[in-house]
Amino acid sequence: MILSVNQVHKSYGKEKILTGISFEINEPNIIALIGPNGSGKSTLLSIITNLVATDQGEVMILNKSNKDPNIFREIAFMQDNSVLYDYLTGYDHLQFIGDIQNITKEEIYEAVERIGMTSYLHKKVGKYSLGMKQHLLLTMAILNKPKLLLLDEPLNGLDPTSAIKVRNLLLALLQEGTAIIISSHNLSEIDLITRHIIFLKDGKIIKENIPQNERVYYELTVDDYIKAQEIILAEKISVKLEGEKLLLQNTSTYLSEIIRLLSKEEVNIQDIEKKTLGSEDRYQKIFGQKGHA
């Protein structure tokens, strides 16, 4: 068992933030934590790492209570940049962690190179851009090679190149045996690293229809999408028009028949893309609108 969250409740005054949150991670995986602003994502991450006390419930990490200070040798939590000190250099922050956790200078530089912040490592953090601060926070988080890594909005302020690098880093860490919980507003990036999502709404975990989420559908690009839609609907096959593309929420057994029908009526199929329900689609089903997760 990597993480067990059991019936966690948290309120601030009369405002209930979390109500009976329970879930487990039993093997390395990437879990996305998604919900509207104020849904309790950051509070939950802080509770897991015992930075915020629960009103009720318990958290176990690697078969130890999260109140055991020794767990911080095996886990890491990337918070926002308010934990950084402007008058210290990036290296000062890393050396402080290294001294506490007996991490060598060589291991520090290994993490620095992995993130790609060598050129500004010895500059004061007050001179860092938002993206550079995110790089430092990530380096701090992977320094002890954690078995459980919690990331609160790690993609904030990153340009596309850096975001791709972070995505590849997370996938590499997963292959190395690290379990990762990531809170992010960037749903398109989430889809590229995981389909395992915990949705928070009104302080509770939303139970989804997993078979429906895993259902495959096909996106067809054709030269005459209006005619194609009429042909498919005439055969009583469900089809949805989105822009100039046809979405077919059916199994692949229908696909060959659809291709045959369209070809017979001289509708040219330009592209077929196999898809699953994305995190933004799932978000809209739960929260009923587009918006920040």
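Right above here is the structure, for reference.
Cut-offs applied
Residues numbered from 1 in each chain as written. Predicted model: local features only at pLDDT ≥ 70, side-chain atom pairs only at ≥ 80, totals over all residues. Heavy atoms only, no water. Helix = DSSP H or I, 4+ residues; strand = E, 2+ residues; numbered from the N terminus. Buried < 20%, exposed > 50% of the residue type's maximum accessible area, 1.4 Å probe, protein only. Contact = heavy atoms within 4.5 Å. Areas by Shrake-Rupley, 256 points an atom, 1.4 Å probe, with all protein chains shown as cover. Lys, Arg positive; Asp, Glu negative; His and termini not counted. Charge placed at Lys NZ, Arg CZ, Asp CG, Glu CD. Polar contact = N/O pair within 3.5 Å; in protein donor to acceptor, adjacent residues only side chain to side chain. Pairing = 2+ DSSP bridges. Phe/Tyr/Trp six-rings, centres within 6.5 Å; stacked < 30°, edge-to-face > 60°. Core = buried A, V, L, I, M, F, W, Y, C linked by side-chain atoms within 4.5 Å.

K.L.:
Hey, could you run me through the overall build of the protein chain in this one?
P.N.:
The helix and strand inventory of the protein chain stands at ten helices and 14 strands. Looking at the protein chain as a whole, 47% of its 293 residues are labelled buried. Contacts in the protein chain between residues at least 24 apart in sequence constitute 71% of all its contacts with a sequence separation of at least 6. Counting every atom, the protein chain has about 15,300 Å² of accessible surface; 48% of that belongs to carbon and sulfur. Distance between charge centres in the protein chain, computed from 33 positive and 38 negative side chains, equals 4 Å.

K.L.:
Explain the side chain of Glu219 here, please?
P.N.:
Counting through the fold element by element, Glu219 comes out in strand 11 (residues 216-222). A polar contact is formed between the side chain of Glu219 and the side chain of Lys245, at a distance of 3.3 Å. Beyond its immediate chain neighbours, meaning those up to four positions away, Glu219 contacts Lys245, Leu246, Leu247, Asp271, Ile272, Glu273 and Lys275.

K.L.:
Is there a simple way to explain the pairing of strand 4 (residues 56-61) in this structure?
P.N.:
Here is the key point about a regular strand: its side chains alternate between the two faces of the sheet. As defined by bridge partners, strand 1 (residues 3-12) adjoins strand 4 across five bridges and the pair is classed as antiparallel. For His9, the partnering residue across the bridge sits in strand 4 and is Gln56. The turn joining strand 4 and strand 5 (residues 64-65), which pair antiparallel and follow one another in sequence, is formed by two residues; a positive phi near 55° is taken by Leu62.

K.L.:
Help me out: how do you make sense of the packing of aromatic side chains in this one?
P.N.:
Across all of its chains, the model carries five aromatic pairs by this definition. Ring pairing ties together the aromatic residues Phe199, Tyr283 and Phe287, which thus form one cluster.

K.L.:
Would you take a moment to explain the nonpolar core for this structure?
P.N.:
Counting 47 residues, the largest nonpolar core has Ile34, Leu94, Leu136, Leu149, Leu151, Leu170 and Ile182 as the members making the most contacts within it. Per element, the largest residue contribution to this core is seven residues, and it comes from helix 4 (residues 130-142). When residues no more than four places from it in sequence are discounted, the contact partners of Leu170 are Ile30, Leu151, Ile180, Ile182 and Ile193. Counting residues in each nonpolar core, the second largest holds 28 residues, with Val8, Ile48, Val52 and Phe77 among its members.

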